[in-house]
Structure formats: structure tokens, C-alpha cells
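# Observations on chain architecture
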Amino acid sequence: MTDVSTRSGTERGLAVELSDLTRVYGAVKALDGLTLHLAPGELVALLGPSGCGKTTALRILAGLDQPTSGSVSVGGKDLTKVPANKRDMGMVFQAYSLFPHMTVIDNVAFGLKLRGSDGSSRRTRAGDMLDLVGLGQHADRYAHQLSGGQQQRVALARALAIEPSVLLLDEPLSALDAKVRVQLRDEIRRVQLEVGTTTLFVTHDQEEALAVADRVGVMNAGRLEQLAPPAELYSAPATQFVGEFVGLSNRLPATVQGGTASVLGRDVPALDGSTSGSGVALVRPEALSVVADAAGPATVTTVQFLGPLSRVTCTLADGSDVVAQLASSDALRLTPGDAVRLEVEPSPVLVVAG
Amino acid sequence: MVGAFQDENGALTLGNLDALTSEAALTALKGSLILSASTAIIGALLGALLAYLIVSMPPQSLMRRSTLAVSGVLAQFGGVVLAFAWIATIGPVGVLTKAMDDLVGANIYGSGWLFGLPGLVVVYCYFQIPLMVIVFAPAFEGLRPQWREAAVNLGASTWDYWRHVALPLLLPAFLGALLLLFANAFAAYATAAVLVSQGQPIVPLMIRQAITSEVLLGQANVGFALALEMIVVVTLVMVAYNVLLRRTARWMR
């Protein structure tokens, strides 16, 4: 994560304001009063399950869809009724959006051509953009001669060539294999920081969102559940949905009293929004430690080696499973069948109604 | 093909090929080319328009599904049945001919245009247009919505999108379909055989005459040479069609 106020390209970005957006398709409410502010030069990721409304929000911002109510403004200018081709936004789609009959450089120069830029200056600009994404040497190839990752790089260069006021990324990595996805997401972040364009990144991949965004908005059923920097989103989820959707969470019985939650016999701070009285604490696997104890109330079920870390699953006396993430050096001392005791770290937890 | 290079006694000869340059053969070839080209162009333009209208409808639309199904049937609806249908409709005593005569006094049969090249053009369009629909509709379906949205997002108007993206993408498929229609009309025989009883305005009818004539005997090998001429033309057309098809397939994959 990068501090928005200190990034190099910040001065080139514009603020984006989505105000109380609602979008209804027949009986389905795809967006339900979404309000979202993006600071100039900021990269905000919208994260959520399929059908949560994140792509609808992005398409409304792009002008490819119209809100049932609400408004869209960029740099203080109301764009709600402005057609998509007049909005000056660059967009990268999921996949297969390059024009297949054009070479790479013609694809990148397409937006400039529409703007009346002369041949040599648009080729120069398109070449610069291709260099920016590391594909300068592929200028004369066609889309079908490029890998999926290269195609998405070209799509990014094409979107940036027109110097858009806002960059929109609609799950641009979802069609790529895991290794390329990680490389390209870092590339997208590097380029975004370099050009300083305000960016909205839609994804269903939480790791992707947490890795590249200044702030992540978690959406559910057309609503924004929480908008926060990645670390805050992970460590202090505002709602049960966020706690369970972002990262792994164990559901452990807890009692809350006066801002303190008692979990597995230990008192830890309860986050704002926690229920009072009895409930269920959402505890991260890394907030649990597993201690070998012949009189312990839990039993090790599996030990899953993940490299430097391992995941240990234990079964409690009531039959429920709990997952703990430990350093492999500690986890590998445990074997299935061992009696153990679980301890909770004193980090804040969200307690929800059981 | 071997028969094209043999005389009536089975000896090898190139004499049959000389017959291809006779005035009658050249006239028939010209007639075939005019008929094929005109019905291919008319069929391609009207069929492409119809295909666009159909593909613009939702996939589950009854109109879309039924039009595609009917096109599939009509594209194969040639031959004697088609010729009879037209004769029964606008022939000298056709239903429509009589009705128009009775109702408004118009003689749509005229001087017998249905039984000449103009009639063949009209009748051939009856299967050429549906053929274009079923051949070209997939090309429209292959236009990805992302291409339009990407173009619009980059500042393209509807006209810009069609001019710079959709039409260039559709052009190879359109030309390929045009060639297919040309070959289809060029090779068609039965419909013309029923409609045209006098003269040989197109090559297939000239072949018929060469092979079956009881007046001019020993012309069968000339008929084979004419068939070889048709094979060469259709082969060239199909090679060009495949080149265009490969290009489109590469783009659309």
C-alpha cells in the first residue's frame, strides 16, 4: 500500500465521486445506494462476490450503463448524463478486448486517432506507452500473437495512451494464470503510480485487491460494506460479511462485556460494531497459537505444510473445527491425534451474533 | 475430368478445350458469371442485413430462432420444387399473375422474363439470401461486446466503431460468404433446367445439351470440358473463400 498523498503522479489524477448510486434491473437491485469517493491519484479496489454490484458500479462510472438514480462526477464535473465516448476514461476489460485486425501499436494509438492526433505523434505516444508496459518490441504484432498477459499489458497501454481522467480496470487479471496474474498486478500498480491516474479496480480476488489498492471497498448485495486501507480491512473488519469474506476466519464462541471479548478463556479487545453479550468471534488463523497439552480440550486433525507457514486444523470438544496458521517450525512438531490447547492473541476481534 | 481430354473414340486430345472458346460457350460462361455474381451480390447484401437484424435480437427470441431455422431450410430449397413454386406463382398462368391481371390489369409475366436470365436471378435469390443469413450470422455473433465497449470507451461514436472496428472485422467473412454464394449459384443446375427450356444461357445448361442432345451427337466430351471449366472456376473461388475464412477464424478465436 502507498500513501495517497505522497505518490509521484498524484497531481495528474482527478477526484471521483459516486453519489447514492442505485441500479435496478427488473426485480434485481444491482446497486443499492452506493456512495464512493476516490481521491486524486488514488487506486481503489472494489472487492466482492459475483453479483455484488462492483462491475455495475464500474460500468456506470464508465458510462456503459446508466444508474436508476444517483450521480457520477469526476473532478467536480457531473458526468451522469455524459455519454461514454465523451467521458475521457480508459478501461481495461477482463480479456479479449484488443481489436484483432489491428497491430499492437494501432490498438494503442486507436484512441489518439479518434482524437485527431497526427500519425507520427500518435505512433510516438503509443510507442512510449508500449515501452511503459515493457512491450515496445511487440509493436507490429497482432493480438493473437501475444500471450494473455501481454494482451492485457497492451490493453493497459491503450487505456493510458489517451491520458484518461480515470482508469477503470474490470477484473483485468481474472483470465490469466496465477504466476502471470501476480506479475501483472505489480506491473499495473507500478504504472498507475508512475502516471498518477485515479483508478478504480474491480476484482473478486481479495489477494489482488489487498496487494495493489490504496483502499479496498468490500461490496455485498449492491452495498458498500466497508471502505478502508487493506491492513485495516483485514485487521478490523466492520461487518460480519467483511470479516468472513476477506481472509480466513474461525468462528469461536465469545462473550462481550464493556468492549472486551472473552474468547477461548482469554480477554481481547472487541472491535466497534461487535455485538454485546454472547456471540461468535471472528478470529484469524494467525491470531491463534496451538500448544501441545496432554490435558488440552482440542485434537490436531491435519497439519498442512505451506512453505514457511503451515496450517493446523484442530477439532474442539464440541466437534467444531478451528484452523490456526503457525510457523512451519512450530507446526511440524504437531501430529494428527495430538491433544492441544488453543490460545488467542490479544488482537482485537469482531464479535457477531451467533 | 479424363473425358475432357478424350475424343469420342477415347483417344487423348486437347480439341475439346477449343470448344470452350466458341461463341456459344463464352456466352454461356458470361451468363453464368453474370447470374452468379448478381445473385451473390444481391444475396450477400440483403442476407447480411437480415443476419444483422436477427443477431440484434435476444438469443432466446422466437423470431430469431425461427428465422434462422427457416433460412436453414430455404437455403437448401432449390431444384424442381423451387422452379415449380415460381412458375405456379408468377408463371403465365400463375396465381399472382392471374390475380394481378384480374385486380389491377397488370401483366407481371410480361414477355416471359421468368424463363430467361432475369428470372433465374430472381429465383436464385430465393435460396441465396437464406444461405447468406446462415453463413454470415455467426460472423455478427463473433463481434465481441468488449470491442464495441472498448472503442466507445476510447472515444468512438457508433459510426467510428463500425468504420474502424466492426466493418473491417466483418469484411473477410463477408467476402468469403460472397464467394460461397457465387460458387453456389455457379454450380446450381436443377432450377435453371426446369425454368429454361430454350437456349443455353448458362454453362450447366450447355453441359446438359452437350451430353443429352440427340441432334448433335458426339458432344459428350465437350460437355466434360465445360464441366472441367466449371470445376476450375469453383476451385479458384473456394481457395479464395478458405483464405478469407482462415483470416476471420484467427481474428475471432
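Residues numbered from 1 in each chain as written. Chains lettered and ligands numbered in written order. Predicted model: local features only at pLDDT ≥ 70, side-chain atom pairs only at ≥ 80, totals over all residues.

## So, the overall build of chain B
We count it as follows: Each helix is a run of H or I in the DSSP string that is no shorter than four residues. Each strand is a run of E no shorter than two, and both are numbered from the N terminus. The exposure scheme places C-beta atoms from the backbone and then counts, for each residue, the other C-beta atoms within 10 Å of its own, assigning buried at 20 or more, exposed at 12 or fewer, and partly exposed in between. Two residues qualify as being in contact provided that their C-beta atoms, derived from the backbone, are within 7 Å of each other.
Broken down by element type, chain B carries eleven helices and zero strands. Along chain B, from the amino end to the carboxyl end, the secondary structure elements read α-α-α-α-α-α-α-α-α-α-α. Expressed along its principal axes, the backbone C-alpha trace of chain B runs to roughly 70 × 55 × 25 Å. The burial tally for chain B puts 39% of its 253 residues in the buried class. Contacts in chain B between residues far apart in sequence, at least 24 positions, make up 73% of those at least 6 positions apart.

## Observations regarding the environment of G337(A)
Residues and elements named next belong to chain A. For G337, the location among the structural elements is in the loop between α9 (328–331) and β19 (339–344). With 18 residues separating them in the primary sequence, G337 and G319 have C-alpha atoms 14 Å apart. Every residue in contact with G337, bar those within four places of it in the chain, is listed here: T299 and V300.

## Quick word on the interface of chain A and chain B
Quick reminder of the rule: Three residue categories are used. Nonpolar comprises Ala, Val, Leu, Ile, Met, Phe, Trp, Tyr, Cys and Pro, charged comprises Asp, Glu, Lys and Arg, and polar comprises the others, including Gly.
Counting residues at the interface gives 18 residues for chain A and 18 residues for chain B. Among the elements of the structure, β6 (89–92) and α2 (104–114) of chain A are those that each provide at least two residues to the side of chain A that touches chain B. Broken down by element, the residue count for the side of chain A that touches chain B peaks at three residues, all from α2(A). Across the side of chain A that touches chain B, the residue classes break down as twelve nonpolar, five polar and one charged.

## Observations regarding helix α6 (residues 117–141) of chain B
Spelled out, the test is: Helix span is expected to be 1.5 Å times the residue number reduced by one. The seven residues ending at a residue and the seven starting there each receive a fitted axis; the angle between those axes is the bend at that residue.
End to end, α6(B) covers 35 Å across 25 residues, agreeing with the expected 36 Å (1.5 Å per residue, within 8%). Along α6(B), the helix axis deviates most sharply at C125(B), where the bend reaches about 35 degrees.

## What to know about the domain arrangement of chain A
Note the cut-off: Domain limits in this description derive from either an automatic procedure or a database domain assignment.
Along its sequence, chain A is carved into domain 1 (4–235) and domain 2 (251–352). Taken over C-alpha atoms, the centre of domain 1 of chain A sits 39 Å from the centre of domain 2 of chain A.

## With respect to the pairing of strand β12 (residues 260–263) of chain A
Residues and elements named next belong to chain A. Quick note on the threshold: Only when DSSP finds a minimum of two bridges between them are two strands counted as paired.
Side chains A261 and V263 of β12 all project onto a buried face; the interleaved residues T260 and S262 project onto a face where none is buried. The antiparallel hairpin formed by strand β11 (residues 250–257) and β12 contains two residues in its connecting segment, where G258 sits at a positive phi of about 60 degrees. Two elements, β12 and strand β13 (residues 266–269), share four bridges in a ladder whose sense is antiparallel. Counterpart to T260 in the pairing with β13 is P269. A loop of two residues connects β12 with β13, the two strands running antiparallel in sequence, and L264 in this loop sits at a positive phi of about 50 degrees.

## Considerations on the nonpolar core
Defined as follows: Throughout this description, the term nonpolar core refers to a group of buried Ala, Val, Leu, Ile, Met, Phe, Trp, Tyr and Cys residues whose C-beta atoms join them within 7 Å.
M132(B) and F136(B) are the most contacted members of the largest nonpolar core, which has 145 residues in total. The dominant element in this core, judged by the number of residues it contributes, is helix α8 (residues 158–187) of chain B, at 15 residues. The next biggest cluster of nonpolar side chains, apart from the first, holds 32 residues, and it includes A254(A), V283(A), V303(A) and A324(A).

## So, the packing of helix α4 (residues 79–90) of chain B against helix α5 (residues 95–104) of chain B
Residue and element names in this part refer to chain B. The test is simple: Helix axes use the C-alpha atoms of the stretch in contact, all axes being lines fitted to C-alpha atoms, and the angles between their N-to-C directions lie in the range 0 to 180 degrees. An angle below 35 degrees is treated as roughly parallel, one above 145 as roughly antiparallel, one from 65 to 115 as roughly perpendicular, and anything else as oblique.
Contact pair α4 / α5: the axes reach a minimum separation of 3 Å and the direction vectors enclose 15 degrees. Viewed along their axes, α4 and α5 adopt a mutual orientation that is roughly parallel. Touching A88, T89 and I90 of α4 are V95, L96 and T97, all from α5. For the contact of α4 with α5, the per-class residue count stands at four nonpolar, two polar and no charged.

## Points about the confidence of the model for chain A
Atomic detail in the predicted coordinates should be set aside for any region of low pLDDT. Put simply, the rule reads: A residue's pLDDT is the confidence the predictor assigns to it, expressed on a 0 to 100 scale.
Here chain A shows a mean pLDDT of 91. Residues at 70 or above account for 97%. Contacts for the low-pLDDT stretch residues 1–10 of chain A, under 50 throughout, to residues beyond four places or in other chains number 25 contacts.

## Considerations on the pairing of strand β1 (residues 16–25) of chain A
Residues and elements named next belong to chain A. Summarising the sheet, β1 and strand β4 (residues 69–74) pair through five bridges and their orientation is antiparallel. Within the sheet, the bridge partner assigned to V16 lies in β4 and is V74. As paired strands, β1 and strand β2 (residues 28–38) are joined by eight bridges and run antiparallel to one another. Each bridged residue has a counterpart across the sheet, and for Y25 the counterpart in β2 is V28.

## Side note on the sheet that holds β6(A)
Residues and elements named next belong to chain A. Strand order in this open sheet of six strands is β6-β7-β8-β3-β9-β10, and the pairing throughout is mixed. The sheet is open, and its two borders are formed by β6 and β10 (223–228), each paired with just one other strand. Each strand axis lies, on average, 20 degrees off the axis of its neighbour in the sheet, ignoring direction. Relative to β10, strand β9 (residues 215–220) runs antiparallel, the two sharing five bridges. Each residue of the ladder has a partner; that of V216, found in β10, is A228. Here helix α4 (residues 148–161) sits on the sheet and contacts β6 and β7 (166–170); the angle it forms with β6, its principal contact strand, is near 175 degrees.

## Details of the sheet that holds strand β18 (residues 321–327) of chain A
Residue and element names in this part refer to chain A. Taken in spatial order, the five strands make up an open sheet running β15-β19-β16-β17-β18, and their pairing is antiparallel. Lying at the two open borders of the sheet, with one neighbouring strand each, are β15 (288–292) and β18. Direction aside, neighbouring strands of the sheet carry axes that sit 40 degrees apart on average. Taken together, the seven bridges between strand β17 (residues 309–315) and β18 define a ladder with antiparallel strand orientation.

## Focus on the confidence of the model for chain B
Residue and element names in this part refer to chain B. Summary statistics for chain B give a mean pLDDT of 87 and a share of 97% for residues scoring 70 or more. Mean pLDDT across the elements of chain B bottoms out in helix α1 (residues 15–18) (77) and peaks in helix α7 (residues 145–153) (94). Predicted complex, confidence summary: ipTM 0.83, pTM 0.81.

## Re the environment of T13(B)
All names here are of chain B. Mapped onto the fold, T13 is located in the segment before α1. Residue T13 is classed as partly exposed on the basis of its 15 C-beta neighbours within 10 Å. For the pair formed by T13 and G3, sequence separation is ten residues and the distance between their alpha carbons is 9.7 Å. Those residues in contact with T13 that lie beyond four places of it in its chain are F5, Q6 and D7.

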